[in-house]
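So the chains spell out like this:
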Amino acid sequence: MLKPVRTLITIALGCSVLAGCASAPPEQPDNLCEIFREKRDWYDAAADMRDKWGVPIHVPMAIMYQESSFKHDAVPPRDYLLWVIPWGRVSSAYGYSQAKTPTWEDYQRETDNGWASRDNFDDAIDFMGWFISKTHTVNGVSKWNAYEQYLNYHEGWGGYRRQTYAQKGWLIQTSRKVQARAERYGAQLRSCEEELKRGWFERLLFG
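Scope of this entry: the structure provided in the associated data block. Fair warning: this is a prediction, and the values are worked out from it, not measured in the lab. (Residues numbered from 1 in each chain as written. Predicted model: local features only at pLDDT ≥ 70, side-chain atom pairs only at ≥ 80, totals over all residues. Heavy atoms only, no water.)

## Examining the overall build of the chain
Move 1: Along the backbone of the chain there are nine helices and two strands.
Move 2: Written out in order from the N terminus, the α and β elements of the chain read α-α-α-α-β-β-α-α-α-α-α.
Move 3: Each of the 207 residues in the chain was classed as buried or not, and the buried ones make up 39%.
Move 4: A separation of at least 24 residues holds for 53% of the contacts in the chain among residues at least 6 apart in sequence.
Move 5: Accessible surface for the chain amounts to roughly 12100 Å². Of this, 55% is attributable to carbon and sulfur atoms. (Helix = DSSP H or I, 4+ residues; strand = E, 2+ residues; numbered from the N terminus. Buried < 20%, exposed > 50% of the residue type's maximum accessible area, 1.4 Å probe, protein only. Contact = heavy atoms within 4.5 Å. Areas by Shrake-Rupley, 256 points an atom, 1.4 Å probe, with all protein chains shown as cover.)

Dropping the structure here:
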């Protein structure tokens, strides 16, 4: 009789742990220091991305905020048939980075990272570092230029070259918002990064 009870308890505890693993968006998304204080592992992943791709942390973080508001399972709005019947999604974008499936598969192939998942922050921030670095290589855009980087991110490298954004006033305005957020995030990070670099033992000693 006790064995089934133990099994039920184990299942319940397992479900509870799995539910806890789903990362909720940060409580203060307008402050990069507070984001990383709340989610220390995010800072470590972002720093690894910076070291690997030479991309400043504040640029992909500003783009990620714009794309998903830091929701791990973010999806685009639904498309509708005859304005009433749900008919799939407007694109295949998914996860923190809102990477579309073909671009994500390019990233997996080029980085030999076939296990990468779009709803994993570490993988998503690494994908964004890869994309921003490649934008610099393909279209000559500075890795620090959040405005132009976002235009590439939204329109693709070919679309950027064809200036498909030129007739999209809303996209240009959004890119300016991303640039402004990136500048704020950069200033915030400069004020707290020494603290964030401390290991767990130093934090225990010095707070």
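## So, a negative patch on the surface
Move 1: Taken together, the side chains of Asp41, Asp44, Asp48 and Asp122 present a region of like negative charge at the surface.
Move 2: Per-element accounting of the negative patch gives the leading share, three residues, to helix α3 (residues 40–53).
Move 3: Summarising the element assignment, Asp122 is placed in helix α6 (residues 121–139). (Patch = residues over 30% accessible without salt bridge, like charges linked within 9 Å, V, L, I, M, F, W, Y side chains within 5 Å. Salt bridge = Lys/Arg side-chain N within 4 Å of Asp/Glu carboxyl O. Lys, Arg positive; Asp, Glu negative; His and termini not counted. Charge placed at Lys NZ, Arg CZ, Asp CG, Glu CD.)

## Observations concerning helix α4 (residues 58–68)
Move 1: For α4, a buried count of eight out of 11 residues is recorded, marking the element as mostly surrounded by other parts of the structure.
Move 2: Among the residues of α4, those classed as buried are His58, Val59, Pro60, Met61, Ala62, Ile63, Met64 and Ser68.
Move 3: Ser69 sits one or two positions beyond α4 and adopts a positive phi of about 55°.

## A word on the side chain of Lys39
Move 1: Here Lys39 shows up in the loop between α2 (32–38) and α3.
Move 2: Within the buried set, Lys39 has no salt-bridge partner at all; the shortest N-O distance to an opposite charge, 4.1 Å, is to Glu38.

## Remarks on the state of the cysteines
Move 1: All told, the structure shown has one disulfide when counted by the stated rule.
Move 2: Here Cys33 engages in a disulfide with Cys192; their sulfurs sit 2.2 Å apart. Judged by the torsion about the S-S bond (-95°), the Cys33/Cys192 disulfide is left-handed. Within this pair, whereas Cys33 is found in helix α2, its partner Cys192 is found in helix α8 (residues 169–197), the two being separated by 159 residues in sequence. By the burial criterion, Cys33 is buried, and Cys192 matches it. (Disulfide = S-S within 2.5 Å.)

## A closer look at the packing of aromatic side chains
Move 1: Within the structure shown, the criterion is met by 18 aromatic pairs.
Move 2: Geometrically, the ring pair formed by Phe131 and Tyr153 is edge-to-face, given 5.1 Å between the ring centres and 70° between the ring planes. Separated by 22 residues along the polypeptide, Phe131 in helix α6 and Tyr153 in helix α7 (residues 146–161) bring together distant segments of the chain. The same class applies to Phe131 as to Tyr153, namely buried.
Move 3: Three or more aromatic residues link up through ring pairs in this structure, and these residues are Trp104, Tyr107, Phe127, Trp130, Phe131, Tyr153 and Trp157.
Move 4: Its end group placed over the ring of Trp42, Lys39 keeps NZ or CZ at 5.0 Å from the ring centre.
Move 5: Taking the ring centre of Tyr65 as reference, the NZ or CZ of Arg181 above it sits at 3.5 Å. (Phe/Tyr/Trp six-rings, centres within 6.5 Å; stacked < 30°, edge-to-face > 60°. Lys NZ or Arg CZ within 6 Å of the ring centre and 35° of its normal.)

## A short note on the nonpolar core
Move 1: Among the nonpolar cores identified, the biggest contains 47 residues, and Phe36, Ile57, Met61 and Phe127 are the most heavily contacted of them.
Move 2: For this core, the elements supplying multiple residues, two or more each, are α2, α3, α4, α5 (101–111), α6, α7 and α8.
Move 3: Per element, the largest residue contribution to this core is eight residues, and it comes from α6.
Move 4: Apart from the residues within four sequence positions on either side, Phe36 is in contact with Trp42, Tyr43, Ala46, Ile57, Met61, Leu189 and Leu196. (Core = buried A, V, L, I, M, F, W, Y, C linked by side-chain atoms within 4.5 Å.)

## So, unusual backbone geometry
Move 1: Of note, Ser69 is a non-glycine position whose phi angle comes to about 55°, a positive value.
Move 2: If you trace the backbone, Ser69 turns up in the loop between α4 and β1 (78–81).
Move 3: The class of Ser69 is partly exposed, set by a relative accessible area of 33%.
Move 4: Within the chain, Phe70 stands out as a residue other than glycine whose phi angle is a positive 65°.
Move 5: Here Phe70 is to be found in the loop between α4 and β1.

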